[in-house]
Amino acid sequence: MIEIKKEFKRIKINLKAIKMGEDLCVILTGGDKPHLGALTIGSSLVNLNTFTFQGHKENFVTEVIGDILKKEFSGKFVVCCGIHLDDISKNEIQHVLSLCKDITAELCNKLK
């Protein structure tokens with residue numbers, strides 16, 4: 001298992017990645033209330049498919065991560081995400097996305 005953590009001010013993102021043979025399960029959690037908000041599945045050969053639980057917006061994160069993995073990872077993958085920060089600002093949302101991109105780049109380097 002690969003574990004990576006990133007922080008910026010009050011934003012804390014945790015990634016756990018589990019290799020499943022040639023495939024990968026990625027779990028991103030963080031904030032005040034980690035949970036499961038959305039998941040995206042795909043591979044380098046298959047279009048991304050996303051499921052978002054009602055009232056959640058983590059699909060914005062899972063789809064960005066899925067796009068990166070589609071280009072950088074050769075196996076099938078699933079990205080599960082649940083990040084909640086009370087009273088999050090638009091600026092903090094951008095920082096969450098940035099941290100998630102950084103954490104995914106680090107994951108891809110570790111996978112190579």
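Residues numbered from 1 in each chain as written. Predicted model: local features only at pLDDT ≥ 70, side-chain atom pairs only at ≥ 80, totals over all residues. Heavy atoms only, no water.

## With respect to the nonpolar core
- Ranked by size, the top nonpolar core spans 25 residues in total, and within it I13, V26, L28, L69 and L107 carry the most contacts.
- Sorting the residues of this core by element identifies β1 (2–8), β2 (11–20), β3 (23–31), α1 (59–72), β6 (77–84) and α2 (90–111) as the ones contributing at least two each.
- For this core, the leading source of residues is α2, giving seven residues.
- Not counting residues within four places of it along the chain, the set of residues in contact with L28 comprises I13, N14, L15, V61, I65, V79, C80, C81, G82, I83, C100 and I103. (Core = buried A, V, L, I, M, F, W, Y, C linked by side-chain atoms within 4.5 Å. Buried < 20%, exposed > 50% of the residue type's maximum accessible area, 1.4 Å probe, protein only. Helix = DSSP H or I, 4+ residues; strand = E, 2+ residues; numbered from the N terminus. Contact = heavy atoms within 4.5 Å.)

## Notes on the pattern of salt bridges
- Tallied over the full model, the rule gives five salt bridges.
- Note that D23 and K76 form a salt bridge whose closest N and O atoms lie 3.8 Å from each other. Here the residue D23 occupies a position in strand β3, and K76 occupies one in the loop between α1 and β6, the gap between them amounting to 53 residues.
- On the basis of relative accessible area, K76 is assigned to the exposed category, the value being 52%.
- Ionic pairing is found between K112 and E72, a salt bridge with its closest N-O pair at 3.1 Å. A residue pair is termed long-range when its members are at least 10 positions apart, and K112 in the segment after α2 and E72 in helix α1 qualify at 40 residues. (Salt bridge = Lys/Arg side-chain N within 4 Å of Asp/Glu carboxyl O.)

## Topic: the pairing of β3
- Here β2 pairs with β3 via eight bridges, running antiparallel. Bridging from a neighbouring strand, I13 pairs with G30 of β3.
- Between the end of β2 and the start of β3, which pair antiparallel, lie two residues, with G21 showing a positive phi angle near 70°.
- As defined by bridge partners, β3 adjoins β6 across eight bridges and the pair is classed as parallel. Looking across to β6, one finds that G30 is bridged to I83. (Pairing = 2+ DSSP bridges.)

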